[in-house]
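A closer look at the structure
The residues making up each chain are set out below.
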Amino acid sequence: MTGALERPAGAGEQAAGVHERLTGLAARLADAGERPAPPCLDPVNEPMIRNWTQALGDPDPAWHAGGLAPPAMIQVWSMARPAGTEGGGAGDGVLALLDSSGFTGVVATNCEQTYDRYLRHGERLHSTTRFGGFTGPKKTGMGEGYFVTWFQTWYDEQDERVAEMLFRVLKFRPRTGKPDTGKPGGAYPLRPAIGPDTAFFWDGVKAGELRIQRCADCGVLRHPPGPMCPRCQSAERDHVVASGRGEVYSYVVHHHPPVPGRTPPYVVAVVELEEGVRVVGNVNGCPPEDVTVGMPVKLTFERVDDDLTLPQWLPATAPVEPVLAAEPETDLPADPPVLEIPLTPTFVIATALATRDFTPVHHDPALARAQGSKDIFVNILTTMGLVQRAALATVPGAVLERIEVRLGAPAYAGDTLRLYAERLDEATVRVRGTVPLGDHVTATVKLNTGKLSTGKLSTGKIEERA
């Protein structure tokens, strides 16, 4: 696959030029085939394994007393330095071209790893990479972008293959521009004034509800909330929970003055709810020029920081919600989760560093927001490790042969990640990880339930797919 792409109607000359250059570069990279990757910087070693297991909370003694390396760590051994890296990956040229063309955002979407055997402490590895292809441009919830795929294979000192991986990322053009300047007061210093008349509303926001004040005598709804009913002057009140659906009644596109924590231009709208009252909030999830009067929207909740969450709006047809959604989790397995992990900022940053992933979106909130994310989020190497934990906890003593992961909703700092595991047959476990946005990861894990061995476990190659 070398990038036979569908070009969107009406694309400008610049977009067509980028597309043409990508197609030519992809063809050259595909012709180059497999080539050496930069050397693995360290042997398989106990300190890095300890950092990884402690950060991810993996208690398996095999990784220490048994002298083995967690198989899901395979990519860690060849991760580059945080700065001044040599490069040399099969997809580096394509990624660099997309960066220079404005597609500066990056998020992993797929990873498939096959493990031929478990590694032992002290082994030295080397690897090769091969370009797989690209598709795009595609409109996604993060912004317009390209999906780029490459393969990596690891070998031991005897040139025997020990693992192979397919890796796919989305390179997208962020919808927001400059990162937050970090002015005093935090990313969003503007705070609501919460008093006796409004506390119920903000309590509802924390609970994932949009609460509308109602007169307890005549039943009329009112917003903003107040101490007295404008119809019957009663001071008795309660509330209803809104459906979360409405239409844009009016809106403005905000350019100036600057608001800390917001990158202009953005839309501030008056939304008329199905219940008949009107509320104010930002319309996220689409460019400002796509917002129109009468546009159907749905409720979402944006967690600004640990103390503040705001009700906001998305187009009703938004395919991917980039902020915390209000809808409760549904269709979850009957059994409790195998793992339930509070994604504190410390966890997100510590696991990224333990997996040698220094990409700023995993530790720098301002830069993460500049790429269209609402906060730092868990990296895919951590997700692979947590899938490994869930699968091996479900079938204790088994040997991991293969993990196939597809990422969905981002797992943001402040969320809780719940991993459910279902054993499909003797050698297959399905793992599903959920966050408030929905499914963060769906994975299929292949296991060997025989005796633990460092010999060959699998000889199947990853087949390139269009």
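Values in this document were obtained by computation on a predicted structure and should not be read as measured data.

Digging into the overall build of the protein
When helices and strands are counted, the protein shows seven helices and 18 strands. Burial analysis of the protein (466 residues in total) assigns 49% to the buried set. In the form shown here, the protein has an accessible surface area of approximately 21,100 Å², with 53% of it arising from carbon and sulfur atoms.

A look at the packing of aromatic side chains
The geometry of an aromatic ring pair comes down to the distance between the two centres and the angle between the two planes. Summed over all chains, the structure comprises six aromatic pairs. Their ring planes at 55° and their centres at 6.0 Å tell us that Phe-134 and Tyr-146 sit as a pair that is tilted. Of the two residues, Phe-134 is situated in strand β3 (residues 126-139) and Tyr-146 in strand β4 (residues 144-155); the sequence distance between them amounts to twelve residues. There is no split in this pair, since Phe-134 and Tyr-146 are both buried. With 5.5 Å between their ring centres and 40° between their planes, Trp-150 and Phe-167 make a pair best called tilted. Here the residue Trp-150 occupies a position in strand β4, and Phe-167 occupies one in strand β5 (residues 161-172), the gap between them amounting to 17 residues. Both residues of the pair, Trp-150 and Phe-167, belong to the buried class. Clustering of aromatic rings is evident, with ring pairs tying together Phe-103, Phe-134 and Tyr-146. Here Arg-130 stacks its cationic end above the ring of Phe-151, 4.3 Å away from the centre of that ring. Taking NZ or CZ as reference, Arg-278 lies 3.6 Å from the ring centre of Tyr-249, over its face.

Description of helix α4 (residues 199-206)
Those residues of α4 lying buried are Phe-200, Phe-201, Trp-202, Gly-204 and Val-205. Of the surrounding elements, those touching the buried residues of α4 are β6 (211-215), β8 (237-241), β12 (296-303) and β13 (309-315).

Here's the deal with the confidence of the model for the protein
A low pLDDT score tells you not to read the predicted coordinates there in detail. When pLDDT is averaged along the protein, the result is 82, and 82% of the positions lie at 70 or above. Counting interchain partners and residues more than four positions distant, the pLDDT-below-50 stretch residues 319-330 has 38 contacts. Within the model, pLDDT remains below 50 along residues 452-466, and this stretch shows 44 contacts once partners closer than five positions in the same chain are excluded.

What about a nonpolar patch on the surface?
A grouping of Tyr-251, Val-253 and Val-293 is seen on the molecular surface, where their side chains present a nonpolar patch of about 240 Å² in accessible area. By the secondary structure assignment, Val-253 is in strand β9 (residues 245-254). The exposure class of Val-253 is partly exposed, given its relative accessible area of 32%.

Reading guide: rules and limits
Residues numbered from 1 in each chain as written. Predicted model: local features only at pLDDT ≥ 70, side-chain atom pairs only at ≥ 80, totals over all residues. Heavy atoms only, no water. Helix = DSSP H or I, 4+ residues; strand = E, 2+ residues; numbered from the N terminus. Buried < 20%, exposed > 50% of the residue type's maximum accessible area, 1.4 Å probe, protein only. Areas by Shrake-Rupley, 256 points an atom, 1.4 Å probe, with all protein chains shown as cover. Phe/Tyr/Trp six-rings, centres within 6.5 Å; stacked < 30°, edge-to-face > 60°. Lys NZ or Arg CZ within 6 Å of the ring centre and 35° of its normal. Contact = heavy atoms within 4.5 Å. pLDDT = per-residue confidence, 0-100. Patch = residues over 30% accessible without salt bridge, like charges linked within 9 Å, V, L, I, M, F, W, Y side chains within 5 Å. Salt bridge = Lys/Arg side-chain N within 4 Å of Asp/Glu carboxyl O.

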